[in-house]
Amino acid sequence: MKSIMISVYAVLLTTAAQGKDRFKIQIQVVNTQTSQRQAAYTVPGTASQSTTDCSGSATATGIGGMATATGSSNCATTTTPGLPARTVVGSIPQAYVHAIMSDGRRVTLWCQTGLRRCENLGPGNYAAEIDGNSLWIYSFELGGKRYKIKYRYAGGW
C-alpha cells in the first residue's frame, strides 16, 4: 500500500513539474504601430429559381357513356434571379509593439484583432509574462479592470 501511495505522489510531482512555467517580467513599451491586413474571400453565386402556380375550373357533362368537359386554367410563373459570385475584401487590424525587455533586448511584438483582444499600447512600463514565443502583457482599463493581451514575438529592432 505504501509503495502505491509513493508511486502516485511521484507521478503527481512529475506532472506538476512539467507544467508551463511563465516568467514574470517588466517591459518598457517605446511605441506601437498599427496596420490593416487585407483579407479577400469569394462568396459563391446562386442560381435563378422559378415557381409556377396554377388554378382552374372545369364543367363535365355526360350523355350515355360519353362525357364532355369544358374549362379553363390560369397559371402564373414567378422567377427570382440568381446572384453572381462576388469577392469580399475585409480589413483586419494589427498592432506592432516595439518594447525593451527587462534584460535590455529590443523586440517587436505582434497581435491581430480577431478572436482575442489586441490593443495599441501607449509608451510606458507594463507587467508581462513570457509563455514560449508569446508575451502576455497586462493592461488596465480606465475603470481599473485588468486584462491580458497576447502578443507574439516578431523579431528585434
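Residues numbered from 1 in each chain as written. Predicted model: local features only at pLDDT ≥ 70, side-chain atom pairs only at ≥ 80, totals over all residues. Heavy atoms only, no water.

Caption draft 1: Looking closely at the overall build of the chain. Tallying secondary structure elements over the chain gives one helix and eight strands in all. In the chain, the succession of α and β elements from N to C terminus is α-β-β-β-β-β-β-β-β. Counting every position in the chain, which comprises 157 residues, the buried fraction comes to 21%. A fraction of 64% describes how many contacts in the chain between residues 6 or more apart in sequence connect residues 24 or more apart. A total of about 11600 Å² of accessible surface is found on the chain, and carbon and sulfur atoms cover 56% of it. (Helix = DSSP H or I, 4+ residues; strand = E, 2+ residues; numbered from the N terminus. Buried < 20%, exposed > 50% of the residue type's maximum accessible area, 1.4 Å probe, protein only. Contact = heavy atoms within 4.5 Å. Areas by Shrake-Rupley, 256 points an atom, 1.4 Å probe, with all protein chains shown as cover.)

Caption draft 2: Local environment of the sheet that holds strand β6 (residues 124–131). Here we have six strands rolled up into a closed barrel, ordered β1-β4-β5-β8-β7-β6, and antiparallel in their pairing. Here the average twist between neighbouring strands, direction ignored, is 40°. (Pairing = 2+ DSSP bridges. Axes fitted to C-alpha atoms, helices over the stretch in contact; angles between N-to-C directions.)

Caption draft 3: Structural context of the pattern of salt bridges. On inspection of all chains with the given rule, the structure shows three salt bridges. The residue E129 makes a salt bridge to K24 at a minimum N-O spacing of 3.3 Å. Of the two residues, E129 is situated in strand β6 and K24 in strand β1 (residues 23–43); the sequence distance between them amounts to 105 residues. The exposure class assigned to E129 is buried, which follows from its relative accessible area of 6%. (Salt bridge = Lys/Arg side-chain N within 4 Å of Asp/Glu carboxyl O.)

Caption draft 4: Main features of the nonpolar core. Judged by nonpolar contacts, the single largest core of 20 residues is most densely connected at I27, L109, L121, L135, I137 and Y151. Secondary structure elements with two or more residues in this core: β1, β4 (86–100), β5 (106–112), β6, β7 (134–140) and β8 (146–156). Residue contacts for L121: discarding those within four places in its chain leaves V29, T32, V97, Y126, I137, S139, I149 and Y151. (Core = buried A, V, L, I, M, F, W, Y, C linked by side-chain atoms within 4.5 Å.)

Caption draft 5: Main features of the state of the cysteines. All told, the structure shown has two disulfides when counted by the stated rule. Sulfur-sulfur distance for the disulfide between C54 and C75 comes to 2.0 Å. On the sign convention where negative means left-handed, the S-S torsion of about 115° between C54 and C75 marks this disulfide as right-handed. Taken together, the positions of C54 in strand β2 (residues 49–63) and C75 in strand β3 (residues 66–80) put the pair 21 residues apart, joining distant regions of the chain. Note on C75: relative accessible area 46%, which makes it partly exposed. Each disulfide pairs two cysteine sulfurs, and for C111 the partner residue is C118, the sulfurs being separated by 1.9 Å. Linking C111 and C118, the disulfide has an S-S dihedral of approximately 70° and is accordingly described as right-handed. Exposure class is identical for C111 and C118. Each is buried. If the cysteines joined by disulfides in the chain are listed in sequence order, their pairing comes out as 1-2, 3-4. (Disulfide = S-S within 2.5 Å.)

Caption draft 6: Just the packing of aromatic side chains, in detail. Scanning the model with the defined rule gives zero aromatic pairs in all. Residue placement shows R117 over the ring face of Y147; its charged tip is 3.5 Å from the ring centre. Here K148 stacks its cationic end above the ring of W136, 4.8 Å away from the centre of that ring. (Phe/Tyr/Trp six-rings, centres within 6.5 Å; stacked < 30°, edge-to-face > 60°. Lys NZ or Arg CZ within 6 Å of the ring centre and 35° of its normal.)

Caption draft 7: Geometry of the pairing of β5. Here β4 pairs with β5 via seven bridges, running antiparallel. Within β5, the position partnered with I100 by the bridge is R106. Two strands pair when backbone bridges link them, and β5 and β8 are joined in this way by four bridges, in the antiparallel orientation. In the strand pairing of β8, V107 is matched with G156.

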